[in-house]
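Chain by chain, the residues run as shown.
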Amino acid sequence: MTYAITQTCCNDATCVAVCPVNCIHPTPEERAFGSTEMLHIDPRACIDCGACADACPVDAIFPVDSLSTGQREYAEINAAYYEGAEPVAAEVDGPNFHAWGEPVFERSLPSDFGPLRVAVVGTGPAGMYAAQDLLLHTAAEVTLIDRLPVAGGLVRYGVAPDHPATKKVGDTFSRFHSHPRVRMHLGIEVGRDVTAEELSAHHDAVIYAVGASTDRRLGVPGEELPGCLSATAFVAWYNAHPEAVAQGVDLSAERVVVVGNGNVALDVARILVADPEALAATDIAAHALDALRASRVREVVVLGRRGPGDAAYTRSELLALKHVPGVELVVDDHDPRTAAAIDAAGAGDRAGVLKGLARVRTDAASPTGGERRIVLRFHSEVVEIRGGGDGVNSVRVTDGGGDGGGGAADLGTGLLLRAIGYRGIPVPGLPFDESSGTVPHESGRVAGVPGSYVVGWIKRGPSGGIGANRTCAAETVGTLLADAVAGELPAPTGDAKAFRRLARQRNRRVVDARGLAAIDRAERDRGRRDGRPRVKLATVEELVATARSGRLLRLAR
């Protein structure tokens, strides 16, 4: 029996580090690392030890013979990655299963080097990988800062609620929230409560992991109509983000149009047509669950500007979409190029996953009755969004022929979600590249601002999943430590206590690690009463009040 890596692979390579036979690839040292959608286990070399499954932070690794019907394809995907490759040879002259390279300590400080004080702005995966790196490799003291009164970032507010395994990576990060060398200040925003200069004055270095919090626009007429929303806002809404409007997403139309064909587009399409009672077992926002129970949505049309072979979603997410209970996945064949690409695709190609799916034609009329379905419509762009004061009523899209010319068609809808990418916003006090939506840097070092660094999407743009932030953080932390050894970090003028006083003077509602623990307990308690993993607190006021009440209760004891 061998193991296989499945859909929820986060690519952070924790499994690679524990494999005794070097059968998981690509490794961080290999050129292909970061360019593949997932890691793969070589069935010819796997010795069935299970070390990778134990170490996996997102429960993506299982014995092949225990894979469910919807996961069995992943055994073939893992094996196919190694077709034509030479199997890994065992070391016959020693006790090891394979040759190990010399140990490398790329991110460390000299033994006589004093502890650094580093602020990490942002508690999502990028920030927490950076904090983890510092805490595990150095004696650094870390200040965790987030503009929201709760930690988690993308893991809490970006991962779809029906992907609980992916959310488990948050457990890996949460163990550092109460680390003895960590100080937490949640609810503090750089540029509003403290300046970048003040932050730097109290720390040896500052790492900004603020992500890409806004979305890209379509730039077509009608985009400002009610009923035209960003997928960013919709995801925030169903994940109980405190800045999302609890009411306001109208699900009265039978058809929704989603523009874009990345993983986020598939997430929102799946949530819109999923069985609400299945979602009731997740941590989806209570207001979103109520709205989905009352929803009239029967069909989601996902528009892709290019063909099925060039879609931005991962093959694993597309495979999972084929197995959503009670939901039919079909392909719109308005353009003959779509069918040609699918028919010509190989088994390992992204377009090959679409073989065997029904092919339909979508038109102006919304669907009525029947099974809920998701329609993948390729070679199609939005030309105009039509409607009035009451909102969107139709979307005009290109309806190209085989030569790519074609005309236009109308799709009736009351809701359009644009999922065409995220974009970073400027951080007050740091340079900003408007064209890329990132902070200019060199290996993570912010250009022209000594002692300031970036990691994650604000560093490299909105690309890569959760695990990509691990190697990204390693590079940035390595640069920071090299600067420290070279004496290039500005000396701080204030200490940790002075920063704590400053933060609380500027914002009386700061949440610390004990307050965060109180929020976590309260949400889990609410969840147990409803048979759910947790019921999230959905407003800043609720979060802060719960953090304070938990703190006062502890003091009273």
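Figured I'd write up the structure that's included with this text. (Residues numbered from 1 in each chain as written. Predicted model: local features only at pLDDT ≥ 70, side-chain atom pairs only at ≥ 80, totals over all residues. Heavy atoms only, no water.)

1. Focus on the packing of helix H4 (residues 125-137) against helix H16 (residues 468-485)
- Closest axis-to-axis distance for the H4/H16 pair is 8 Å, and the angle between their directions is 50°. Of the possible angle classes, the one that applies to H4 and H16 is oblique. As for how H4 packs across H16, the hand of that crossing is right-handed. Of H16, the residues touching H4 (which contributes Pro125, Ala126, Tyr129, Ala130, Asp133 and Leu134) are Asn469, Arg470, Ala473, Ala474, Val477 and Leu481.
- For the contact of H4 with H16, the residue count by class is nine nonpolar, one polar and two charged. (Axes fitted to C-alpha atoms, helices over the stretch in contact; angles between N-to-C directions. Helix = DSSP H or I, 4+ residues; strand = E, 2+ residues; numbered from the N terminus. Parallel < 35°, antiparallel > 145°, perpendicular 65-115°, else oblique. Left-handed = near helix turned anticlockwise from the far one by under 90°. Contact = heavy atoms within 4.5 Å. Nonpolar A, V, L, I, M, F, W, Y, C, P; charged D, E, K, R; others polar.)

2. A short note on the nonpolar core
- One finds Ile24, Ile207, Tyr238 and Leu376 to be the most contacted residues of the largest nonpolar core, which totals 120 residues.
- In contact with Tyr238, not counting residues within four places along its chain, are Ala160, Pro161, Asp267, Val268, Ile271, Ile284, Ala285 and Ala288.
- If you look at the next biggest cluster of nonpolar residues, it comprises 21 residues, including Ala119, Phe432, Val439 and Ile458. (Core = buried A, V, L, I, M, F, W, Y, C linked by side-chain atoms within 4.5 Å. Buried < 20%, exposed > 50% of the residue type's maximum accessible area, 1.4 Å probe, protein only.)

3. Remarks on the packing of aromatic side chains
- For the structure shown, the criterion picks out five aromatic pairs.
- Ring geometry for Phe234 versus Tyr238: centroids 5.4 Å apart, planes at 90°, classification edge-to-face. Separated by four residues within a single helix, Phe234 and Tyr238 lie in helix H9 (residues 231-238), roughly one turn from each other. Of the two residues examined, Phe234 and Tyr238, each falls in the buried class. (Phe/Tyr/Trp six-rings, centres within 6.5 Å; stacked < 30°, edge-to-face > 60°.)

4. Brief notes about the pattern of salt bridges
- According to the stated counting rule, one finds 38 salt bridges in the structure shown.
- Between Glu299 and Arg255 there is a salt bridge, with its nearest N and O atoms 2.6 Å apart. Of this pair, Glu299 sits in strand E12 (residues 299-303) while Arg255 sits in strand E11 (residues 255-259), placing them 44 residues apart in sequence.
- Salt-bridge contacts for Arg270 lead to Asp267; the nearest nitrogen and oxygen are separated by 3.0 Å. With Arg270 and Asp267 both in helix H10 (residues 263-273), this residue pair falls three residues apart, about one helical turn. Here Arg270 and Asp267 have matching classes, each one buried. (Salt bridge = Lys/Arg side-chain N within 4 Å of Asp/Glu carboxyl O.)

5. So, the sheet that holds strand E18 (residues 407-412)
- Taken together, three strands build an open sheet; the order of strands is E16-E17-E18 and the sheet is antiparallel. Lying at the two open borders of the sheet, with one neighbouring strand each, are strand E16 (382-388) and E18. In this sheet, adjacent strand axes meet at a mean angle of 25° when their direction is disregarded.
- The pairing of E16 with strand E17 (residues 391-399) spans six bridges and is classified as antiparallel. Paired with Gly387 across the bridge in E17 is Val392. (Pairing = 2+ DSSP bridges.)

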